[in-house]
Amino acid sequence: MDKKNRYIIGSSIVAIALLTLAPYFIPLYWMAFLFFCFIYLVLTEMWVLVAGFTGMVLLGIGGFVGIGAYSFVIFSTCLNWPLWPSLILSGIIGVIIALAVSSTIFRMRGAYFAMSTLVIANALFAWFSTWSYTGGGAGIVVNVKLPIAIVYHIALILAFASIIIVTFVVRSNLGLMLKAIGSDEDAALTVGVNTYTCKLYCFLIASFMISLAGAIYFLYPGFVTPDAAFSPIWLINTLTAASVGGWTNIGGAIIGVIFIITLQQFFYVNYPGLSMLINGIIIVVIFLISPRGLWPAIRSLIEKRLKRF
Amino acid sequence: MTNNLILKTEGLSKSFGGIKALDNVSVDVNKGEVIGIIGPNGSGKTTLFRLIMGIYRPDSGKIIFEGENLTGLPSYRVCQKGIALAHQIPKPFSRLTVMENLLVAALSGGRMTRKSAEEYCQTVLKLTGLYKVKDKLAGSLLPLELKRLEIARALASKPKLILLDEPAAGMREKDVDELLEIIKLINSEGVTVMLVEHRMEVVVKAVERLIALNRGTIVAQGPVKEVMNSKIVSEIYLGRRFREYVGAST
Amino acid sequence: MAPPEVILMGTFTGAIYGLIGIGLSLIFTGIRNMINLAHGHLAVLAAYLALTLSSNSMLDPLICALLVVPIVFALGAIIQYGAVNRLIYRSPTIPLILFAGIASIIENVALLVWHPDPRSLAPLAPYSLLTVSLLGVRLPLIYLVGFLISLGSMLILYTFLKHTDIGRAIRAASEDPEYAECLGVDTKKIYAYTFGIGGALAAIAGIMVGLIYLFVPSDGWPYTILSFGVIVLGGVGSMRGAFVGGVILGISQQLSAYYLGVAYQYFVGYILILAVLALRPQGIFGMRV
C-alpha cells in the first residue's frame, strides 16, 4: 500500500511538472485539448463528489458553469475589475446562488431534487437570454487579454485543486458522512448525521469549483453566449466522463475526461453533434452493462486475470 | 423518583390518514433499566420508537429526555442528545465497510476525535462479535450479521438510551442467547434499553418491566410476570398457550 | 391583443402543457417515482416525425399523428422494457442518468436528420391560418383544436385507466408494486405500458405545440421542465391538478409575453415553478393522490 502510494505521488509529480511546462513545447492544438480536459476534470471530479459519493444528482451542473461565466464577464468586462478579484468573485457568486436555493432544494430528495436543480439552471439561462446588460441572447465579448499559456495554467491549477479537494474531502470525516448519506439518507439521520449541513458543504464546494471552471473556460473562446454557457452539453459530457471513469472513482475521472475530449475533438471538425450522439449512446450502454462505471469494471476484470496467472 | 427518570412521554398521539397508530401514550423509563414493549402487529410499538427518535412528528404529546423536551427535534439531534435506534429491518450503509458504518455514528456528534472514535468502534465491534468482518462492505454481510451491525451502529453513537426494534426476529435459539448476552452487556455499561420484541422467551429473559400496547394504547404495564399474567394481555395478545408457558417457566 | 384573448390562449396552450404533464405524472406515479428526463424529447421527436410524414405524404399532420403516436408509444415501451426495468429497483434517481443519455441521443439524431433551424407543422395544416370567434374574442383556430384534442386525450386516458384491465393494473402497480405483483400483475409489462402511454401523451402534446409554435431539436429540455412544472403546480398523480397546473403555466406564459415581452415567458414560467417548490412543495392544491 505504502509502495503504491509512493508510486502514485511520484508519477503525479512528474505529470504535473510535464503539464506545467507543456505550453512551451507543444502546439496550440494540444494545448487547447489539455485545457478542455482540465475544465471538464473539474466538473467531473465535482460530479463524483456530489452525485457519486453523496447521491445528489446535480442535473443543473450547467447552471453553475453559466453563472460563473456570466459573473466573470460582468466583473471583468462590464465593471472593468482586475482579473483575479473577478475570477474569485465569480466562484463566490456561484456559492451565493447555491446558498440561496439550498433551503428549497434540500427539502426534496431523489428525482425531485435533481429536477429542481435543472429548473434553476434553466431559469438562469432564460434570464441571461433576455438581460440586455450582458447582451441578451446574442452574448458578450470577454474583454480580458491574457496569453493563452496563462489561461492554460489557471485551468491546470484549478483541475489539480479539484482532485486534491475531492481526495481530501472523501477521506475526511465529512466524506464519511457524505458516503453514508449517499448510501441511505434516512439511516444517516437516525445515527446522528446532520445531513442538511453535510450536503450543504458538499454542494457549496461543488458550486464554487464549477462556477470557477465556467469563468475560466470562457477566457479561451473570449465570448459568452447563454446557449454556450448554460448548454445541456456540460451535463451530458460530464455524465459521459463519469460513466466511463466510474461514479466514485477520483482517478477514473481523468480517464473519462480524456476520453470525452478526444471524442469531441475528433468529431468537432466534421460534425459537432455526432460526438454528443455518441456520448448519449455511451451513457446508455455503460449504464446497462456496468452501472458503477466502465473503468472500475475493466480494472477489476484485469485484476482477476492477473490473479489467475 | 423523578430524578431517576431518563425518558418520559406524555400523551403521545399519532395518526396516519384516518388510522390512529398511537393514542395518548405516556411512558416512563427509569435510568439503567431494561424495559420491554409488547403488543400484536399494528399496536403501535414501532411508531412509538419512531416518535421518540424524531423520525415522525407526534400529532400531540411531549417527549422528555433527561428533563429536556425533545418533541419536534429532527432525528439527528435526538441521536446527538443520546438516544439511538436499531431498526427492525437493518438499514446498513451498504457501500461502506462495517467499521465505517460505526464510525459515521461515532463521529457524527462531533464529540470524539477520529482516533478515539476508531478505538471506541473497535470495542463495540468486539462486543457485538463483528470484529472479524470489520473491513467487509456492509452490503456483503449475512442477514444475521446485519442485525448485529444495526445494534452495533446504534451503540457507536454512545447512547444513554438505546431502542431495539425486534432484534431477535429471524434468529435461532443460539443467536438469541448471544443477543441476550449483548443486551446484558450494554445494560451493564449503564445504557438504558427499550426493547420491542415479539418473541416471549426473549422478553422474559431480558427485561425487568413490560409495557403492553394494543391498538395504540397502553393496556398494561408493570413487572414482567404481572403483565404477562394479566387477563387483558393474555386475551389480546398472548393467548392461553403463552400463559401456560409463562406459568410453567416461573 | 387584449388581455381576455391572452387568457384564453393561455388556457388553450395550458391544456396542452397539462397533457404532457399528465404523461410525466403517469410515469412518475406508475413507475416508482421515476422522472422521465427525456419526456420533452419524445414530444419533439413526435413533432419531427409528423413533419417528415406529413410533408412526404401530403397528409394532414393530425392524420399523421395517428401513426406517429403509436410509434412513440412503442419506443417508450421498448425503452422501459429493454432498459429502465433493469435499473428502477435500485433508486429513483438512477434512471435519470439513463434518460439524460436517451435525451442526448434523440436531440442529436434530430440535429443530424432535421438540422438545427426552427421548423413548424403549421404550413402543412392550412386550417391553422383560420381564426374563430369565441366568447367575443378572435383567436387562431389551431389553439382551439389543440385544447379540444388535449381535453379529449385526457378523457380517453381517464376512461382507459378506470375501465380496462390494463388501466386497473397500471393503477394497482402505482399504488403498491409489490402487492400488485402478488396479485399476479406482471409489473414489468405494466411499466412498459405505463411508459408507452406517458410517451404517447407527450407525443400528442408535441404535435399540438408543433402546430402552434416553432420547434428546434433542443426544445426537449424546456418541454421536460414545463411538464415537471405542471406536476409541481398541480400535485403529483392528480389528473385534474395537472390540467389546472398546465393552465396556470400557460396563462402565466402568455401574460408575461404580453406584458414583458416574448423573451420573458420561459423565465417567468421557471420562476413560478421554483416559487411553488419553495413555498408549497406539495403543489398549489396539495393534492397528492
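In this text, all values refer to a predicted model and were calculated from it rather than measured experimentally.

Peer 1: Mind laying out the sheet that holds strand 4 (residues 60-65) of chain B, listing which residues take part and the relevant values?
Peer 2: Residues and elements named next belong to chain B. Across the sheet, 4 strands lie side by side as 2-1-4-5; this open sheet has antiparallel pairing. Each end of this open sheet is capped by a strand with a single partner; those strands are strand 2 (19-30) and strand 5 (68-69). The sheet contact formed by strand 1 (residues 5-16) and strand 2 spans 8 bridges and is antiparallel. Note that in strand 2 the partner of phenylalanine 16 across the bridge is isoleucine 19.

Peer 1: Pulling in residues and values, what's your account of a positive patch on the surface?
Peer 2: A cluster of basic side chains, namely A:Lys304, A:Arg305, A:Lys307 and A:Arg308, defines a positive patch on the protein surface. Mapped onto the fold, A:Arg308 is located in helix 14 (residues 294-308).

Peer 1: Outline the packing of aromatic side chains, supporting the account with residue identities and numerical values.
Peer 2: Two aromatic rings, taken as a pair, are described by how far apart their centres are and by the angle between their planes. All names here are of chain A. All chains considered together, the criterion is met by 38 aromatic pairs over all chains. Judged by centre distance (6.0 Å) and plane angle (55°), the ring pair of phenylalanine 35 and phenylalanine 36 falls under tilted. According to the relative accessible area criterion, phenylalanine 36 is buried, its value standing at 11%. Between phenylalanine 106 and tyrosine 196, the aromatic rings sit 5.6 Å apart at their centres with planes inclined by 90°, giving edge-to-face as the arrangement. With phenylalanine 106 in the loop between helix 4 (83-105) and helix 5 (110-130) and tyrosine 196 in helix 9 (residues 195-217), this pair connects stretches of sequence that are 90 residues apart.

Peer 1: Go over helix 7 (residues 173-183) of chain A, please, and point to the residues and values.
Peer 2: Within helix 7 of chain A, 9 of the 11 residues are buried, which leaves the element mostly enclosed by the surrounding structure. A:Leu174, A:Gly175, A:Leu176, A:Met177, A:Leu178, A:Lys179, A:Ala180, A:Ile181 and A:Gly182 are the residues of helix 7 of chain A that are buried. Where the residues of helix 7 of chain A are buried, they touch helix 2 (28-53), helix 6 (148-171), helix 8 (185-190) and helix 9 of chain A together with helix 3 (98-108) of chain B.

Peer 1: So, the side chain of A:Lys179: which residues are in play, and what are the values?
Peer 2: Among the secondary structure elements, A:Lys179 is positioned in helix 7. A:Lys179 has contacts with A:Phe53, A:Val170, B:Leu96 and B:Glu100, leaving out every residue within four places of it along the chain.

Peer 1: Mind laying out the pattern of salt bridges, listing which residues take part and the relevant values?
Peer 2: Think of it this way: side chains of opposite charge can pair up when their charged atoms draw near. Going through the model one piece at a time under the given rule, you end up with 18 salt bridges over all chains. Note that B:Arg172 is salt-bridged to B:Asp175, the shortest N-O span being 3.2 Å. Note that C:Arg168 is salt-bridged to C:Asp165, the shortest N-O span being 3.2 Å. Here the residue C:Arg168 and the residue C:Asp165 both occupy positions in helix 6 (residues 165-175), the gap between them amounting to 3 residues, near one helical turn. Take C:Asp165: its relative accessible area is 63%, and that puts it in the exposed class. Connected through salt bridges with shared partners, the residues A:Arg109, A:Glu185, A:Asp186 and A:Lys199 form a single ionic network.

Peer 1: Explain the nonpolar core residue by residue, including any values.
Peer 2: In terms of nonpolar packing, the biggest core is built from 261 residues, with A:Trp47 and C:Phe228 touching the most fellow members. Ranked by residues supplied to this core, first place goes to helix 2 of chain A with 19 residues. Inspection of this core shows a minimum of three residues originating in each of domain 1 (5-82 + 160-249) and domain 2 (92-158) of chain B. For C:Phe228, the contacting residues outside a window of four places in its chain are A:Tyr112, A:Met115, A:Ser116, A:Val119, C:Leu24, C:Ile35 and C:Leu277. In terms of nonpolar packing, the next biggest core, distinct from the first, is built from 27 residues, B:Val25, B:Ile63, B:Phe65 and B:Leu163 among them.

Peer 1: Could you give an account of the packing of helix 4 of chain A against helix 9 of chain A, naming the residues involved and the relevant values?
Peer 2: Helix-helix packing: each pair is described by the crossing angle between the helix axes and the interaxial distance. Put simply, helix 4 of chain A and helix 9 of chain A touch, their axes get as near as 8 Å, and they point 145° apart. Crossing of helix 4 of chain A over helix 9 of chain A shows right-handed handedness.

Peer 1: Residues and numbers for the arrangement of the chains, please.
Peer 2: The top pair by number of contacts, from a total of 2 pairs of chains in contact, is chains A and C. There is no contact between chain B and chain C; across them, the least C-alpha separation is 12 Å.

Peer 1: Provide a residue-level description of the packing of helix 3 (residues 61-78) of chain A against helix 5 of chain A, including the pertinent values.
Peer 2: All names here are of chain A. Two numbers describe how helix 3 lies on helix 5: the axes approach to 9 Å, and their chain directions differ by 35°. Taken as a pair, helix 3 and helix 5 cross one another with a handedness that is left-handed. Together, Gly63, Ile67, Tyr70 and Ile74 of helix 3 and Ala121, Leu124 and Phe128 of helix 5 make up the contact between the two elements. Grouping the constituent residues of the contact of helix 3 with helix 5 by class yields 6 nonpolar, 1 polar and no charged.

So, how was this worked out
Residues numbered from 1 in each chain as written. Chains lettered and ligands numbered in written order. Predicted model: local features only at pLDDT ≥ 70, side-chain atom pairs only at ≥ 80, totals over all residues. Heavy atoms only, no water. Pairing = 2+ DSSP bridges. Helix = DSSP H or I, 4+ residues; strand = E, 2+ residues; numbered from the N terminus. Patch = residues over 30% accessible without salt bridge, like charges linked within 9 Å, V, L, I, M, F, W, Y side chains within 5 Å. Areas by Shrake-Rupley, 256 points an atom, 1.4 Å probe, with all protein chains shown as cover. Salt bridge = Lys/Arg side-chain N within 4 Å of Asp/Glu carboxyl O. Lys, Arg positive; Asp, Glu negative; His and termini not counted. Charge placed at Lys NZ, Arg CZ, Asp CG, Glu CD. Phe/Tyr/Trp six-rings, centres within 6.5 Å; stacked < 30°, edge-to-face > 60°. Buried < 20%, exposed > 50% of the residue type's maximum accessible area, 1.4 Å probe, protein only. Contact = heavy atoms within 4.5 Å. Core = buried A, V, L, I, M, F, W, Y, C linked by side-chain atoms within 4.5 Å. Domains from an automatic or database assignment. Axes fitted to C-alpha atoms, helices over the stretch in contact; angles between N-to-C directions. Left-handed = near helix turned anticlockwise from the far one by under 90°. Nonpolar A, V, L, I, M, F, W, Y, C, P; charged D, E, K, R; others polar.

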